[in-house]
Amino acid sequence: MEIEEYIIADDRELAKRVIDGDDAAFEHLFNRYRESIRRLFIQKSAGSADDADDLLQETFIKVYLNIDRYDESYTFGQWVYTICLLYTSPSPRDRTRSR
């Protein structure tokens, strides 16, 4: 696939390509969402860029490992955002400790 084709491909097309083993497609998905997800994590982690970068890395590792579970009835962004929420929401154990 030529670089121009990656640039104009929609997220669902790129996700299918990742499932088929195309790592360049994953790189393009990552680049599309990296900054917005990083900003979200910075907001959730009280402005810590280092924490945000760690969460970003963990999120996209999860995305890569679970991309075959992506449900096309949702946008790819919604799916990634849901994974992000799992990292930013306190676990039930944390909620119990804070009481």
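Just so it is clear, the model here is predicted, and its values are computed rather than measured.

This brings us to the packing of helix H3 (residues 23-44) against helix H4 (residues 49-66). Running from amino to carboxyl end, H3 crosses H4 at an angle of 145 degrees, the nearest separation of the two axes being 9 Å. Once H3 is placed against H4, the crossing between them reads as right-handed. Along the contact surface, H3 presents Asp23, Phe26, Phe30, Tyr33, Arg34, Ile37, Arg38, Phe41 and Ile42, while H4 presents Ala49, Ala52, Asp53, Leu55, Leu56, Thr59, Phe60, Val63 and Tyr64. The residue makeup of the contact of H3 with H4, split by class, is 13 nonpolar, one polar and four charged.

Turning our attention to a nonpolar patch on the surface. A grouping of Ile3, Ile7 and Ile8 is seen on the molecular surface, where their side chains present a nonpolar patch of about 340 Å² in accessible area. Note on placement: Ile3 falls in helix H1 (residues 3-8).

The nonpolar side chains of soluble globular proteins are, as a tendency, buried together. Counting 24 residues, the largest nonpolar core has Ile37, Phe41, Phe60, Val63, Phe76, Trp79 and Val80 as its most contacted members. Breaking this core down by element, the ones donating at least two residues are helix H2 (11-19), H3, H4 and helix H5 (76-88). Setting aside anything within four residues of it in sequence, one finds Trp79 in contact with Val63, Asn66, Ile67, Arg69 and Tyr70.

As a further point, take the confidence of the model for the chain. Summing up the model confidence of the chain, the mean pLDDT is 88 and the portion of residues at 70 or higher is 90%. In this model residues 94-99 is a low-confidence stretch, pLDDT under 50, and it forms one contact with partners more than four residues away in sequence or in other chains.

Here the structure, examined in full by the defined rule, presents seven aromatic pairs. For the pair Phe30 and Phe60, a centre-to-centre distance of 4.9 Å together with 90 degrees between the ring planes defines the contact as edge-to-face. One end of the pair, Phe30, is in helix H3; the other, Phe60, is in helix H4, and 30 residues separate them in sequence. When its relative accessible area of 21% is taken as the criterion, Phe30 is described as partly exposed. Residue Phe60 is classed as buried on the basis of its relative accessible area of 4%. The interplanar angle of 75 degrees and the centroid separation of 5.3 Å between the aromatic rings of Tyr70 and Phe76 together place this pair among those described as edge-to-face. Summarising the burial analysis for this pair, Tyr70 and Phe76 share the class buried.

Thresholds applied
- Just so you know, the residues in each chain are numbered from 1, in the order the chain's sequence is written.
- The model is predicted, so local features are restricted to residues of pLDDT at least 70 and side-chain atom pairs to those at 80 or more, both for listing and for counting; the totals for chains, interfaces and linings are taken over all residues.
- To obtain the side-chain values, all non-hydrogen atoms of the structure were used and water was disregarded.
- Here an angle of 0 to 180 degrees is reported between the N-to-C directions of two axes, which are lines fitted to C-alpha atoms, with helices fitted over the stretch in contact.
- Each helix corresponds to a stretch of at least 4 residues labelled H or I by DSSP, and each strand to a stretch of at least 2 residues labelled E; elements are numbered beginning at the N terminus.
- Should the near helix be turned anticlockwise from the far one by less than a right angle, the crossing is left-handed, and should it be turned clockwise, the crossing is right-handed.
- Contact definition: two residues touch when any of their heavy atoms are within 4.5 Å.
- Basically, the charged four are Asp, Glu, Lys and Arg, the nonpolar ten are Ala, Val, Leu, Ile, Met, Phe, Trp, Tyr, Cys and Pro, and anything else, Gly included, counts as polar.
- Excluding any residue in a salt bridge, patches collect residues exceeding 30% relative accessible area, merging like charges within 9 Å and nonpolar Val, Leu, Ile, Met, Phe, Trp and Tyr side chains within 5 Å.
- In short, Shrake-Rupley with a 1.4 Å probe defines the accessible areas, and a residue's cover is counted only from the protein chains shown.
- Between Lys or Arg on one side and Asp or Glu on the other, a salt bridge is scored when a side-chain nitrogen of the former is within 4 Å of a carboxyl oxygen of the latter.
- Within this scheme, the nonpolar core is defined by two criteria: the residues are buried Ala, Val, Leu, Ile, Met, Phe, Trp, Tyr or Cys, and they are joined through side-chain atoms within 4.5 Å.
- Each residue gets one of three labels from its accessible area relative to the maximum for its type: buried under 20%, exposed over 50%, partly exposed in between, using a 1.4 Å probe on protein chains only.
- pLDDT runs from 0 to 100 and stands for how confident the predictor is about each residue.
- By convention, a stacked pair of Phe, Tyr or Trp rings (six-membered ring in the case of Trp) has centres within 6.5 Å and planes under 30 degrees apart, an edge-to-face pair has planes over 60 apart, and any other such pair is tilted.

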